[in-house]
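Notes for the structure review
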Amino acid sequence: MPPPTNIIVNGTFDLQSVGWSGTDIETNFTENAYLGNGATNRVAELDGNAGQTTVMQQSVTISGPIETELTFAAALRTANVTAGSDGFRVDILDSSGVVIATATILPAVNVYTPYSVPVEFPAAGIYTVRFTELGPDNSFGAIVDNIELLVCFGGSTLIEIPSGRKAAHDIRVGDMVVTETGPKPVRWVGHRRVCATEMASDEKYRPVRICAGALGQGLPHADLWVSRQHRMLVSSPICERMFGQSDVLISAIKLTALPGIYVDDEIATIDYVHLLFDEHEVVFAHGAPSESLLLRPEAVAALSPEAREEIHLLFPEISEGLVQLEVKFIPEGYRQTRLADRMARNGRKLLEGFEQSA
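1. Description of the overall build of the protein chain
Within the protein chain, the secondary structure is distributed over six helices and 23 strands. Buried positions account for 45% of the 358 residues belonging to the protein chain. Residue pairs at least 24 apart in sequence account for 69% of intrachain contacts in the protein chain once pairs closer than 6 positions are excluded.

Set out below in structure tokens:
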């Protein structure tokens, strides 16, 4: 699951007004000109000239439904004495001009304050991000910098289906997905977005990054981001010697002892996609064998209340204390650690015994 991409063009105004359109746009001065702090980076003022209303906007393309936030920093210039009434309005509009997110920003101090505007894009399409001047039109307005709209394409991890591959975020209930034992219908799809605030409050939210080829045999085909407890297939003679099984499922966090697999501390937002089948299955993410959601109490408890309710309706046996059987042997945590350490010491690849399908 790759990290988010900032789709705002020139949100730092290093290229002055490149990427932006509108009226009365002022982007040719440095931060120092407005705040007197010695900073040499360029910024935008949302009140370029007295008697004119500044409107600054740009179009962005969204590939599908997604929840995210528009972030930026804003401040009053030092010449401004109307704190609390001078600022701007932020609007995000769809292609029909309907506002899907809005916020009024009235900075109160002469230093940058970070702001964020939550936005839920309902569908793929072209949207407009617009900043409109508010307050006294005296050319002493608020300034803005570091505008970002981070779109996480985590769900774009490619899952194998009978006709080829499909992005995880496009998979729907009833779709057929290739498993180790053949195509199976998806019974439930769950989506969970984790933002930077949650990651900062609890490191366990940070994903494990599996670099392309790190598992062996060229797998995964592209970098893969998974949750820490998500289990990946390990196929090796070492598994046979340790567990009496050639294939086992190991939590991603245990595999960070090996090269090219590590906790990603730089990612800002991640989308987790859960695929649930009638039985626990091995599916293929960027070609790499990986588990589907395993219905056990601890896994269900980690989901949202809405997701738990939906799963209990689909699988009432979970409420009765029954659980799915694991498709492969899952060793105890300490034995998973020993396996990873042993393979790392011996320079072995995790999928050295895996037979890829044609």
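Don't stop here, the text continues.
2. A look at the pattern of salt bridges
This structure, assessed with the given rule, holds 13 salt bridges. Residues Arg 231 and Glu 291 are paired through a salt bridge, measuring 3.2 Å at the closest nitrogen-oxygen approach. Of this pair, Arg 231 sits in strand 18 (residues 231-235) while Glu 291 is found in strand 23 (residues 288-291), placing the two residues 60 residues apart along the sequence. Two residues, Arg 348 and Glu 352, come together in a salt bridge whose shortest N-O distance is 2.9 Å. Given a relative accessible area of 26%, Arg 348 falls into the partly exposed group. A relative accessible area of 31% places Glu 352 in the partly exposed class. Sharing partners across several salt bridges, the network here consists of Glu 180, Asp 247 and Lys 328.

3. Here we look at the side chain of Gln 58
Positionally, Gln 58 belongs in strand 4 (residues 55-62). Side-chain polar atoms of Gln 58 contact the backbone nitrogen of Val 9, separated by 2.9 Å. Every residue in contact with Gln 58, bar those within four places of it in the chain, is listed here: Ile 7, Ile 8, Val 9, Gly 19, Trp 20, Tyr 127, Thr 128 and Val 129.

4. Examining the nonpolar core
In terms of nonpolar packing, the biggest core is built from 45 residues, with Ile 210, Val 234, Ile 261 and Leu 339 touching the most fellow members. Ranked by residue count, the leading element in this core is strand 22 (residues 282-285), at four residues. Setting aside its immediate chain neighbours within four residues, Val 234 contacts Cys 239, Ser 246, Asp 247, Val 248, Ile 250, Leu 255, Leu 339, Met 343 and Leu 350. Residues Phe 88, Val 117, Val 129 and Leu 149 belong to the second largest nonpolar core, which totals 29 residues.

5. What about the environment of Thr 30?
Structurally, the position occupied by Thr 30 is in the loop between strand 2 (21-23) and helix 1 (31-35). By relative accessible area, Thr 30 is classed as partly exposed at 25%. Counting along the chain gives eleven residues from Thr 30 to Asn 41, while the straight-line C-alpha distance between them is 5.2 Å. Not counting chain neighbours up to four residues away, the residues in contact with Thr 30 comprise Ala 39, Thr 40, Asn 41, Arg 42 and Val 43.

The rules behind each value
Every chain is numbered on its own, with residues counted from 1 as its sequence reads. Under the rules for a predicted model, residues below a pLDDT of 70 receive no local features and side-chain atom pairs below 80 are neither given nor counted, while totals for whole chains, interfaces and linings still include all residues. In computing side-chain values, all of the structure's heavy atoms are included and hydrogens and water are not. A helix here means a DSSP run of H or I that spans at least four residues, while a strand means a run of E at least two residues long, and both kinds are numbered starting from the N terminus. For every residue, the accessible area (1.4 Å probe, protein chains only) is compared with the maximum for its type, and the residue is labelled buried under 20%, exposed over 50%, or partly exposed between those bounds. Here, residues are in contact when the closest pair of their heavy atoms is within 4.5 Å. A side-chain nitrogen of Lys or Arg and a carboxyl oxygen of Asp or Glu constitute a salt bridge if their distance falls within 4 Å. Pairs of N or O atoms within 3.5 Å make up the polar contacts considered here, provided that, within protein, one atom can donate a hydrogen while the other can accept it, and that residues adjacent in sequence are counted only when both atoms are side-chain atoms. Residues belong to a common nonpolar core when they are buried Ala, Val, Leu, Ile, Met, Phe, Trp, Tyr or Cys residues joined through side-chain atoms within 4.5 Å.

That's the geometry; what it means functionally is another story.
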